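# Architecture at a glance
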Amino acid sequence: MKDRISKKLSDLGVYFIIILDDLDRLEPAQAVEVIRLVKSVADFPNITYIMCYDREILSQALENGLCINDGYTFLQKIVQVSFSIPLYEPFDL
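Overview of the structure. Along every chain, residues carry numbers that run from 1 in the direction the sequence is written. Since the coordinates come from a predicted model, pLDDT governs what is reported: local features require at least 70, and pairs of side-chain atoms require 80 or more to be given and counted, while whole-chain, interface and lining totals use all residues. To get the side-chain values, all heavy atoms of the structure are used, and hydrogens and water are removed first.

Glancing now at helix α2 (residues 28-41). Going along the chain from the N terminus, every DSSP run of H or I of four or more residues is numbered as a helix, and every run of E of two or more is numbered as a strand. Between the first and last residue of a helix there are one fewer steps than residues, each counted as 1.5 Å, and that sum is the expected span. Along its 14 residues, α2 runs 20 Å from first to last C-alpha, staying within 8% of the 20 Å computed at 1.5 Å per residue. Every residue pair with non-hydrogen atoms within 4.5 Å of one another is taken to be in contact. Of the surrounding secondary structure, the elements contacted by the buried residues of α2 are β1 (16-20), β2 (47-51), α3 (55-66) and α4 (71-76).

In structure tokens form, the structure reads like this:
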């Protein structure tokens, strides 16, 4: 089934961008579920995922939800490119 979906997505010739925001606000069980879902469909063609989260908080949620020692390492296995956005300065507002 996954192969059929991949073929149809490729044949469409359209690109999709899926934005997942505030992942760090999820309960640990919800965070684990969302990350696992993304992992299961992350290799579909023509689809890009943008996930917005606080790395420390989401890593902690994954540690709690999966009972693992290092949520950041688990996250690195799923997220291909990661970068930080600096906090804004109050006087910029």
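Continuing now.
Ring pairs are drawn from Phe, Tyr and Trp, using the six-membered ring of Trp, whenever the two centres fall within 6.5 Å, and their geometry is named by plane angle: stacked under 30 degrees, edge-to-face over 60, tilted for the rest. Scanning the model with the defined rule gives zero aromatic pairs in all. Charge-over-ring contacts are defined here by two conditions on Lys NZ or Arg CZ: a distance within 6 Å of the ring centre and an angle within 35 degrees of the ring normal. For the cation-ring pair, Lys2 lies above Phe44, with the distance from its terminal atom to the ring centre recorded as 5.7 Å.

On to the packing of α2 against α3. With their axes 8 Å apart at the nearest point, α2 and α3 run at an angle of 100° to one another. Taken together, the axes of α2 and α3 are roughly perpendicular relative to one another. The residues of α3 that touch α2, namely those facing Pro28, Ala31, Val32, Ile35 and Arg36, are Leu58, Ala61, Leu62, Asn64, Gly65 and Leu66. In the contact of α2 with α3, the residues fall into eight nonpolar, two polar and one charged. Structural elements are reduced to axes, namely lines fitted to C-alpha atoms, with helices fitted over the stretch in contact, and the angle between N-to-C directions of any two is expressed from 0 to 180 degrees. By definition in this entry, angles of less than 35 degrees are roughly parallel, angles greater than 145 are roughly antiparallel, angles of 65 to 115 are roughly perpendicular, and the rest are oblique. Each residue gets one of three labels, nonpolar for Ala, Val, Leu, Ile, Met, Phe, Trp, Tyr, Cys and Pro, charged for Asp, Glu, Lys and Arg, and polar for the others, Gly among them.

Looking at the element boundaries, Ser59 is found in helix α3. Partly exposed residues are those whose accessible area sits between 20% and 50% of the maximum for their type, while under 20% is buried and over 50% is exposed, using a 1.4 Å probe and protein chains only. Residue class for Ser59 comes out buried when judged on its relative accessible area of 6%. At 3.5 Å, the side chain of Ser59 forms a polar contact with the backbone nitrogen of Tyr72. Setting aside chain neighbours within four positions, we find Ser59 in contact with Gly71, Tyr72 and Leu75. Throughout this description, a polar contact denotes any pair of N or O atoms lying within 3.5 Å of each other; where both atoms belong to protein, one of them has to be capable of donating a hydrogen while the other can accept it, and for residues adjacent in sequence the pair is counted only when both atoms sit in side chains.

Next up on the list: the pairing of β2. One ladder, built from five bridges, connects β1 with β2; its direction is parallel. Among the inter-strand pairings, Ile17 is bridged to a residue of β2, identified as Thr48. Crossover connection from β1 via α2 to parallel β2: handedness right-handed. Strands qualify as paired when DSSP identifies two bridges or more between them. Looking down the strands as they point away from you, a crossover is right-handed if its path from the first strand over the helix to the second goes clockwise.

Here the focus is the environment of Asn69. By the secondary structure assignment, Asn69 is in the loop between α3 and α4. Sequence separation between Asn69 and Ser59 is ten residues, and the spatial gap between their C-alpha atoms is 9.8 Å.

Moving on: the pattern of salt bridges. We define a salt bridge as a side-chain nitrogen of Lys or Arg found within 4 Å of a carboxyl oxygen belonging to Asp or Glu. Enumeration over the complete set of coordinates arrives at three salt bridges. Close ionic contact of Asp11 with Lys7 constitutes a salt bridge, the shortest N to O distance being 3.0 Å. Within this pair, Asp11 and its partner Lys7 are both found in helix α1 (residues 2-12), separated by four residues, close to a single helical turn. According to the relative accessible area criterion, Asp11 is exposed, its value standing at 53%.

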